[in-house]
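Structural overview for review
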Amino acid sequence: MAIVPLQYNVRSLFVRSSSTILTVLAVGATIAVLAGMLSLQQGFAVLFQERGRTDLALFMRQGATSEGESGITLEQCNILKKEVPEVIRDDGGRPMASAEMFLAVRLRKFDGGETNVAIRGVEPMTFAIHGDDVVITEGENFTPGTDELIVGVGLLERIANCRVGDNLQINTSTFRIVGAFSGKGGYRSEIWGDVDRLSDALERPVRSRILARVSPDADLDAIAARYDDDLRLQPKVMNERDYLASQTSSLTTRFMFVGGFLALIMGIGAVFTGTNSMLAAIGARTHEIGILKAVGYKPWAIFVAFLGESLLLGLLGGVVGCLLVLPLQGAETGTVNSTFSEVTFAFRTTPAAMLTSILFAAGLGIVGGVVPAWRASRMTPTQALRRG
Amino acid sequence: MPAAIRLRSVTKSYSKGGQTLRVLDELDLDMDAATFYALMGPSGSGKTTLLNLVGGLDQADEGVVQVGDEDLAAMQSSELAEWRSEHVGFVFQGFNLLPVLSARENVELPLLLAPLSRRQRRQQAERALELVGLADRMNHKPRELSGGQEQRVAIARAIATDPQVILADEPTGDLDRDTADAVLEMLRRLNRELHKTILMVTHDPQAATYADKTIHLDKGKLGRIEENATPTGGS
Ligand SMILES: Nc1ncnc2c1ncn2[C@@H]1O[C@H](COP(=O)(O)OP(=O)(O)OP(=O)(O)O)[C@@H](O)[C@H]1O
Ligand SMILES: [Mg+2]
């Protein structure tokens, strides 16, 4: 059961320090990319999940996977607002449902270039539905029926002509920014205004979705089922949390794909660097391997020792990679989401992301060490002692 | 218990570039237990090869290699490794030690393979180092030791597990006369006081005089075995 003492391999790493540093940096760079991607993805997940509510129902066109793709006519909107008994009524007896129009438009960024920004036309009821989740933080709310807009706080520092008091050109109409609001998640990166005025300006005769307050245990599938044979409309109904989760999952997949691909390519490079470093180490220490074997260490003990040394290299690289991304913790950044509009979110280096990265680094170390360690373990003692 | 060594028609060949070189040819050799042997012969005569077979570092193509009660020919490579850790200690010409480990850690290497507690291991390593007169160099790394001291640490490692057989391949080849004499004296003491069976390869006739008997090897064949009537040093 005896293995080669660990300090032999640890100290050997320090002795060949330049080769060790090189390998650790190669692994570290890979891990920084991976940890960075995971942290971005975590930031995304938090952005979308933190505000998903189960007592908000979304009605969209059957088959639409996001509100950007959805279209509901005004008649259909009226039917849904009035006909669905699950929708809660306010003190005045009006259904708490609001038709919204959603579209991404190209706007200029402060740092040059353009980006897609989500424009949402809303009805006064929208604010009642969101309650305290949407708050005016600066200026005032827009007056219904006018060309006034309010801007999500996430856009204030990023998009030109979006400060309170600015005029913003949308298509051929000029809108005036009268306030800023903060909301949960993605709403912070949207521009809101009167739904009818924005529809006119953007020449969109249809609405994107109906947002409605329901009781949290309302059976949304049953609502959709009632319209199965209805010729007027066949809505898709889901609660806000499920909707956001579905939006995040496609983003997550994309992130994981890009990040995973990059990490894989860099990982292959790191594995080669590691293998090379270990092969050089074993070549230089052939005589030492011979001594260990002569003393009585078995082939598998030699294998474990050198695999362990490579694992250690990988772990060191993993720690370095994580240290590289830690300073980015909390940094805000923007990207384009699946509805092609600008969203800002924070970089979140969670323990889980760090752990995943370290495990990946350990994997790189092991994969890079297998061939050299195998070679070391297969040498016969006489071969090893003769070449020294 | 001291071990005797018995070789019967041992053959060992190496093939190099399609050619087969018969290094040991049907060699028969009997060595008594608790005796100090010197092994001499021209370069390339197969001395190291013979030593490696006796030490279980390599295996014969044919024949019997018996050390104590064990027939090494019948063992697998990992069984041989285990056998080595318990029954033989090696001292090579130079570079015997792992450079990143201290003298004590080097001596502990074979002890890690034995079922010992941490404290027993330490004690046994320290005792071995005391025996070779290096108790005060325990925490030194090999590069902080002289050539002679390095060889003495190697001897300490070879005896740390208290094996019956010590095999030394030109242990004084790199040392000056006085240092060599000290190392040879130490080997002889291990034989006289601890009754180790010792087989030492050497090119130096004067080194051979420390042994009880000198075996001569030439082109894979055994020559005469001399008795050294008056060992040097007079102890
Ligand atoms: N692994 C090997 N492969 C091929 N040839 C070998 C191998 N090991 C030894 N030989 C050859 O076998 C012969 C005997 O080698 P060995 O090392 O036993 O000689 P030696 O008596 O110890 O010589 P020296 O005094 O120079 O150390 C030499 O010709 C050597 O080249
Ligand atoms: Mg030799």
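In this text the structure is predicted, and so the values were computed from the model without any measurement.

1. Some thoughts on the environment of Ala-352 of chain A
Turning to its location among the elements, Ala-352 of chain A is positioned in helix α10 (residues 351–378). Along the chain, Ala-352 of chain A and Ser-70 of chain A lie 282 residues apart, while their C-alpha atoms are 36 Å from each other.

2. Quick word on a negative patch on the surface
Judged by side-chain charge, Asp-69, Glu-70, Asp-71 and Glu-86 of chain B come together as a negatively charged surface patch. Locating Glu-86 of chain B in the fold gives a position in helix α2 (residues 77–87).

3. Considering the site of ligand 1
Taken together, 15 residues lie near ligand 1, and Ser-43, Gly-44, Lys-47, Thr-48 and Thr-49 of chain B sit nearest. Per-site note: the chains with residues close to ligand 1 are chains A and B. A distance of 2.5 Å separates an oxygen atom of ligand 1 from a polar side-chain atom of Ser-43 of chain B. Note that an oxygen atom of ligand 1 is positioned 3.2 Å from one of the backbone N or O atoms of Ser-45 of chain B. The fraction of the free accessible surface of ligand 1 (630 Å²) that becomes covered by protein chains is 74%. When residues of the shell around ligand 1 are traced back to their parent elements, those giving at least two are β1 (5–16), β2 (19–31) and α1 (47–54) of chain B. The leading source of residues in the shell around ligand 1 is α1 of chain B, at three residues. Broken down by class, the residue content of the shell around ligand 1 amounts to four nonpolar, seven polar and four charged.

4. Structural notes on the sheet that holds strand β7 (residues 165–169) of chain B
All names here are of chain B. Sheet architecture is open: six strands sit in the order β6-β7-β8-β3-β9-β10, paired in mixed fashion. The sheet terminates laterally at β6 (88–91) and β10 (221–227), the two strands that pair on one side only. Here the average twist between neighbouring strands, direction ignored, is 20 degrees. Bridge analysis of β6 against β7 gives four bridges, and the strand direction is parallel. Bridge pairing links Val-88 to Val-165 in β7. Where helix α6 (residues 177–194) meets the sheet, its contacts fall on β3 (36–40), β7 and β8 (197–201), and the angle it forms with β8 comes to roughly 155 degrees.

5. Overview of unusual backbone geometry
Positive phi is not limited to glycine here, since Asn-161 of chain A has a value of about 60 degrees. Within the secondary structure, Asn-161 of chain A is located in the loop between β5 (148–152) and β6 (167–170).

6. Some points on the domain arrangement of chain A
Taken domain by domain, chain A consists of domain 1 (6–49 + 247–387) and domain 2 (56–215). For domain 1 of chain A versus domain 2 of chain A, the distance between C-alpha centres works out to 46 Å.

7. Points about the sheet that holds strand β5 (residues 70–71) of chain B
As a general point, the strands of a sheet are linked pairwise by backbone hydrogen bonds and lie either parallel or antiparallel. Residues and elements named next belong to chain B. As summarised here, the arrangement of the four strands in space is β2-β1-β4-β5, forming an open sheet in which the pairing is antiparallel. Edge strands, defined here as strands with exactly one partner in the open sheet, are β2 and β5. Bridge count for strand β4 (residues 62–67) against β5 is two bridges, and the pairing is antiparallel. Bridging across to β5, Gln-66 finds its partner in Asp-71. Packing against the sheet, α1 makes contact with β1, β2 and β4, and its axis sits at approximately 125 degrees to β1.

Cut-offs and rules
The residue count restarts for each chain, going from 1 along the sequence in the order it is written. In the order they appear in the text, chains get letters beginning with A and ligands get numbers beginning with 1. Note on the predicted model: pLDDT of at least 70 is required for a residue's local features to be given, and 80 or more for side-chain atom pairs to be given and counted; whole-chain, interface and lining totals, by contrast, use all residues. Excluding hydrogens and water, the side-chain figures rest on all heavy atoms present in the structure. In this text, helices come from DSSP runs of H or I with a minimum length of four residues, and strands from runs of E with a minimum of two, each type numbered from the N-terminal end. Only residues whose relative accessible area exceeds 30% and that form no salt bridge enter a patch; like-charged residues are grouped when within 9 Å of one another, and nonpolar side chains (Val, Leu, Ile, Met, Phe, Trp, Tyr) when within 5 Å. Computed with a 1.4 Å probe, the accessible areas rest on the Shrake-Rupley method; for each residue, only the protein chains presented here act as cover. Salt bridges are defined as contacts in which a side-chain nitrogen from Lys or Arg sits within 4 Å of a carboxyl oxygen from Asp or Glu. Charge assignment in this entry is limited to Lys and Arg as positive and Asp and Glu as negative, and neither His nor the chain termini are counted. In this description, the location of a charge corresponds to atom NZ of lysine, CZ of arginine, CG of aspartate or CD of glutamate. In this text, near means that some heavy atom of the residue lies within 4 Å of the molecule or strand in question. In protein, a polar contact requires one atom able to donate a hydrogen and another able to accept it; more generally it is a pair of N or O atoms within 3.5 Å, and residues adjacent in sequence count only if both atoms are side-chain atoms. When residues are grouped by polarity, Ala, Val, Leu, Ile, Met, Phe, Trp, Tyr, Cys and Pro land in nonpolar, Asp, Glu, Lys and Arg in charged, and all others, Gly among them, in polar. Here the rule is simple: two strands pair whenever DSSP picks up at least two bridges between them. Each axis is a line fitted through C-alpha atoms, and for a helix only the stretch in contact is used; angles between axes span 0 to 180 degrees, taken between their N-to-C directions. Note on definitions: a residue-residue contact is assigned when non-hydrogen atoms from the two residues lie within 4.5 Å. Start and end positions for the domains come from either an automated domain assignment or a database one.

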